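Read off the chains here:
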Protein chains: 2
Amino acid sequence: MLAARILEVARDSFAQNGWAGTTVRGVAREAGVDPALVYHYFATKDGLLDAATTPPPAFLQGVAATWAGPVPELGASLVETTLRNWDDPELGSAIRAILLIAAHHGPTRERLVGIVRGGLMGPATVGADETERERRAGLVATQLIGLAFMRSIWRVEPVASMTVAELVAAVGPTVQRYVEGEIA
Amino acid sequence: MLAARILEVARDSFAQNGWAGTTVRGVAREAGVDPALVYHYFATKDGLLDAATTPPPAFLQGVAATWAGPVPELGASLVETTLRNWDDPELGSAIRAILLIAAHHGPTRERLVGIVRGGLMGPATVGADETERERRAGLVATQLIGLAFMRSIWRVEPVASMTVAELVAAVGPTVQRYVEGEIA
């Protein structure tokens, strides 16, 4: 699909060249389409950025479905969902682009904070009250985000080469403790 | 000190505008100095980037000293050192700049991987052999890096507002388990 190809090129360009360094014309050229088609799909450069930094619905749905699973398995299932999302070529590259663009684009960083709080921490139903729920979900996020950076963005060994099963065994208990263990 | 002020401006500029969008002239202007002075201190734009993405020695020394401390306290001490480093205005902004520049500059990402593997994981002496040592240190890094992103780069609540003592209590046991607990 042409829109998907344009979006993929746009994500790379915004991530590598920033907002100012990205042009609709340049994205169109690299995607092998007419600039008019980019405008047709995304209206403006802002529209293109907006689409490029919107997480794929499948990503957020997968996270929400995982949080809705059995509490005693959340540690393992959240780690596994995170790794599968990042390993998926399409989902992984879309999320990666959001994190990279957020590094040098303030509005995207705000959007990213919204995604972390709303999409990753929001569906959590753990804890005795809202304060505890947010704190537990936030701690879970610290671990899963650091894992994603080490393994899928910076590819730091040996973490980058550990299997999903190894990481579930190593990191799952951390997340389980944040979900229901002693944290204070 | 003028060199420090130039470096601070350069870090911001490389992080926000990228390699291509940063000029020695622009950095000099913003730092309120003559471009000749920038060349005097850093020789070239590459020299300026190199200095801007070199972690402050105090940062790496602090991490190494912490790893050399008593093993039963490593969980708490590593979390505390990480938070203190990030909360330090000078150290925190220097490390933050390296992570942000790495988002869109390949060579800086390679340098960052070197810092994580050499400076953060390197001084670890945990585990029964080198494979286990690297794996444990790598897992420690996943947690500490995710904590830094949530708290100091993206400032996601409620993690961003938790005190050092609260985070040591919550996250310390995770790190302690990676240091000497069951991870497989």
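Residues numbered from 1 in each chain as written. Chains lettered and ligands numbered in written order. Predicted model: local features only at pLDDT ≥ 70, side-chain atom pairs only at ≥ 80, totals over all residues. Heavy atoms only, no water.

With respect to the interface of chain B and chain A
Thought 1: Contacts between the two partners involve 43 residues from chain B, matched on the other side by 43 residues from chain A.
Thought 2: A combined buried area of about 3,600 Å² lies between chain B and chain A, and 66% of that area is made up of carbon and sulfur atoms.
Thought 3: A per-residue breakdown of the area chain B buries against chain A is headed by Arg 135, Thr 142 and Trp 154 of chain B, which together make up 18% of the total.
Thought 4: Between chain B and chain A we count two salt bridges in total. (Contact = heavy atoms within 4.5 Å. Buried area = accessible area lost by both parts, 1.4 Å probe. Salt bridge = Lys/Arg side-chain N within 4 Å of Asp/Glu carboxyl O.)

A closer look at the relation of the copies chain B and chain A
Thought 1: For these two chains of identical sequence, chain B goes onto chain A by a turn of 180° and a shift of 0.0 Å along the axis, with RMSD 0.0 Å. Here the two chains are linked by the operation of a two-fold rotation axis. Residues of chain B ranked by C-alpha distance from the rotation axis are headed by Gly 146 of chain B, positioned 1.7 Å from it. (Least-squares fit on C-alpha atoms with pLDDT ≥ 70 in both.)

Brief notes about helix α2 (residues 24–31) of chain A
All names here are of chain A.
Thought 1: Those residues of α2 lying buried are Val 24, Gly 26, Val 27, Ala 28 and Ala 31.
Thought 2: Turning to α2, the residues buried within the fold contact α1 (2–17), α3 (35–42) and α4 (45–52).
Thought 3: Positive backbone phi, approximately 70°, marks Gly 32, located one or two places after α2. (Buried < 20%, exposed > 50% of the residue type's maximum accessible area, 1.4 Å probe, protein only. Helix = DSSP H or I, 4+ residues; strand = E, 2+ residues; numbered from the N terminus.)

Focus on the environment of Val 24 of chain A
All names here are of chain A.
Thought 1: If you trace the backbone, Val 24 turns up in helix α2.
Thought 2: With relative accessibility at 6%, the residue Val 24 sits in the buried group.
Thought 3: Separated by 16 residues in the primary sequence, Val 24 and Glu 8 have C-alpha atoms spaced 13 Å apart.
Thought 4: Discounting chain neighbours no more than four positions away, the residues touching Val 24 are Pro 35, Val 38, Tyr 39 and Lys 45.

Remarks on the nonpolar core
Thought 1: If you look at the biggest cluster of nonpolar residues, it comprises 131 residues, and the most contacted ones within it are Trp 154 of chain A together with Trp 154 of chain B.
Thought 2: In contact with Trp 154 of chain A, not counting residues within four places along its chain, are Phe 149 of chain A together with Leu 99, Arg 109, Leu 112, Val 113, Val 116, Ile 145 and Phe 149 of chain B. (Core = buried A, V, L, I, M, F, W, Y, C linked by side-chain atoms within 4.5 Å.)

Here we look at the layout of surface pockets
One water molecule sets the probe size; rolling that probe over the atoms shows where empty space is left.
Thought 1: In this structure, the largest pocket occupies an estimated 260 Å³ of space.
Thought 2: Around the largest pocket sit 16 residues that line it, and Asn 17 and Gly 18 of chain A together with Gln 16, Asn 17 and Gly 18 of chain B are the ones nearest its centre.
Thought 3: Looking at the lining of the largest pocket, the elements that each hand over two or more residues are α1 of chain A together with α1 (2–17) of chain B.
Thought 4: Residues belonging to the lining of the largest pocket are distributed by class as follows: four nonpolar, twelve polar and no charged. (1 Å grid on protein atoms, 1.4 Å probe; cavity = no way out; pocket = protein on both sides within 12 Å on 5 of 7 lines; lining within 4 Å. Points joined across faces, edges and corners; volume = space filled by probe spheres on them. Nonpolar A, V, L, I, M, F, W, Y, C, P; charged D, E, K, R; others polar.)

Notes on the pattern of salt bridges
Residues and elements named next belong to chain A.
Thought 1: The tally for this structure, following the rule as stated, stands at 14 salt bridges over all chains.
Thought 2: Note that Glu 132 and Arg 136 form a salt bridge whose closest N and O atoms lie 2.7 Å from each other. In this pair, Glu 132 and Arg 136 are both assigned in helix α9 (residues 130–153), four residues apart and thus about one turn of the helix distant.
Thought 3: You can call Glu 132 partly exposed: its relative accessible area is 24%.

Structural measurements only, silent on function.
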